[in-house]
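The residues making up each chain are set out below.
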Amino acid sequence: MLHDRDIREPLFDFLEEYFGKIRIIEEKTTGRSRADIVMVTPDSLYGIEIKSDADTYVRLSRQIKDYDRYFDYNIVVAGSSHGLHIREHVPDYWGIITVEQMENGLDFYILREPQTNPKAEWKHKLSILWRPELAQLQEWNDMPKYKEKSKAFVCGKIAERIPERIPEERVREQVSEILFERDYNEVDAILSDYRRGEIQKKLDQETDPRKRAELMMEQAKSRLQLRQAGRRRKRSG
């Protein structure tokens, strides 16, 4: 019987061989579900759900709804115990990859190619990006910065411009480029640096002494977090 842990690493090798240039992001929260794998290609995001021989279909309907909001394409990777029936449990536009244990390792077979997901929503797909990454997307597309607004607000504003003002093909490629360049070892530094920059902009404009003091305290806290992140990276290295 194949378990999830048996399938993952060989699956990564298969995906790279089949799709070419990819980046794998594991265990990404999508709505109320957690995507086993997000596969980034130069112009698309793929949601990949693993159903090993040890798994059931109990949560699959909920997972399908969540995956469909976030990804350009979706694929289910099914163990041999699910191979005969998996078509009955996923939409026609979902791809299906089956996996079987052979004498010389695992054998992956594309039972059905994934088709474009008709239910994908840009505001959800964009939410996969960090706030500084969204700022980069805004800059590339000559958009207002919406400094005081939430991440959800910014995602909505970008989504409103697709495809009328921002070509869909362009933003798909931009999202992929950002995710290819993402450095998880620097996540604390990136987010802290972005926040410190935003605080400094507010300080430059604020004249009220009390509010300036509050902002300076925020800025000091952000610097402390950045130093702590640096020490953690140094120890882990």
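Attention in this report is confined to the structure presented alongside it. (Residues numbered from 1 in each chain as written. Predicted model: local features only at pLDDT ≥ 70, side-chain atom pairs only at ≥ 80, totals over all residues. Heavy atoms only, no water.)

### What about the side chain of Asn74?
Argument step 1. Assignment of secondary structure puts Asn74 in strand β4 (residues 73-79).
Argument step 2. Only 3.0 Å separates the side chain of Asn74 from the side chain of Asp68, close enough to count as a polar contact.
Argument step 3. Contacts of Asn74, omitting those with residues within four sequence positions, involve Gly47, Tyr67, Asp68, Tyr93, Trp94, Gly95, Pro114 and Asn117. (Helix = DSSP H or I, 4+ residues; strand = E, 2+ residues; numbered from the N terminus. Polar contact = N/O pair within 3.5 Å; in protein donor to acceptor, adjacent residues only side chain to side chain. Contact = heavy atoms within 4.5 Å.)

### Thoughts on the pairing of β4
Argument step 1. Among the seven residues of β4, seven are classified as buried, and the element is accordingly described as predominantly covered.
Argument step 2. Every second residue of β4 is oriented toward a common face, with Tyr73, Ile75, Val77 and Gly79 on one face and Asn74, Val76 and Ala78 on the other, all of them buried.
Argument step 3. As paired elements, strand β3 (residues 44-51) and β4 share six bridges and run parallel to each other. Note that in β4 the partner of Lys51 across the bridge is Ala78.
Argument step 4. Between the parallel pair β3 and β4, the chain is carried across by helix α2 (residues 60-70), and the sense of this crossover is right-handed. (Buried < 20%, exposed > 50% of the residue type's maximum accessible area, 1.4 Å probe, protein only. Pairing = 2+ DSSP bridges. Right-handed = clockwise from strand over helix to strand, strands pointing away.)

### Examining unusual backbone geometry
Argument step 1. Residue Ile162 is joined to Pro163 through a cis peptide bond whose omega torsion reads 0 degrees.
Argument step 2. Along the polypeptide, Pro163 turns up in the loop between α5 (151-160) and α6 (168-181).
Argument step 3. Positive phi outside glycine occurs at Glu27, with the angle close to 50 degrees.
Argument step 4. Examined against the element boundaries, Glu27 turns out to sit in strand β1 (residues 23-30).
Argument step 5. With a relative accessible area of 35%, Glu27 lands in the partly exposed category.
Argument step 6. Even without a glycine there, the phi angle at Asp142 is positive, about 55 degrees.
Argument step 7. When you line up the elements, Asp142 lands in the loop between α4 (131-140) and α5.
Argument step 8. Overall, Asp142 belongs to the exposed group, its relative accessible area being 69%.

### A word on the packing of aromatic side chains
Argument step 1. Considering all chains together, one arrives at nine aromatic pairs under this definition.
Argument step 2. Geometrically, the ring pair formed by Phe14 and Tyr18 is stacked, given 6.0 Å between the ring centres and 15 degrees between the ring planes. Here the residue Phe14 and the residue Tyr18 both occupy positions in helix α1 (residues 4-19), the gap between them amounting to four residues, near one helical turn.
Argument step 3. The buried category is assigned to Phe14, whose relative accessible area is 16%.
Argument step 4. With centroids separated by 5.4 Å and ring planes inclined at 75 degrees, the aromatic side chains of Tyr146 and Phe153 adopt a geometry described as edge-to-face.
Argument step 5. With a relative accessible area of 31%, Phe153 lands in the partly exposed category.
Argument step 6. Taken together, the ring pairs in this structure connect Phe14, Tyr18, Phe19, Tyr46, Tyr73 and Phe108 into an aromatic cluster.
Argument step 7. Between the NZ or CZ atom of Lys21 and the centre of the ring of Phe180, over which it lies, the distance is 4.5 Å.
Argument step 8. The ring of Trp130 carries the charged tip of Arg182 above its face, separated from the ring centre by 4.0 Å. (Phe/Tyr/Trp six-rings, centres within 6.5 Å; stacked < 30°, edge-to-face > 60°. Lys NZ or Arg CZ within 6 Å of the ring centre and 35° of its normal.)

### Some details on the sheet that holds β4
Argument step 1. Read across the open sheet, the six strands follow the order β1-β2-β3-β4-β5-β6; overall the sheet is mixed. Strands with a single pairing partner mark the edges of an open sheet, and in this sheet they are β1 and β6 (105-112). Neighbour-to-neighbour, the strand axes of this sheet turn through a mean angle of 30 degrees, independent of strand direction.
Argument step 2. Sheet strands in contact with α1 are β1, β2 (33-41), β3, β4, β5 (95-102) and β6, and its direction is about 60 degrees off that of β6. (Axes fitted to C-alpha atoms, helices over the stretch in contact; angles between N-to-C directions.)

### Remarks on the side chain of Arg161
Argument step 1. Among the structural elements, Arg161 can be located in the loop between α5 and α6.
Argument step 2. It turns out Arg161 is buried and unbridged, and the closest side chain with the opposite charge, Glu160, is 6.6 Å from it.
Argument step 3. Look past the residues within four positions of Arg161 in its chain and what remains in contact with it is Asp142, Met143, Pro144, Tyr146 and Ile166. (Lys, Arg positive; Asp, Glu negative; His and termini not counted. Salt bridge = Lys/Arg side-chain N within 4 Å of Asp/Glu carboxyl O.)

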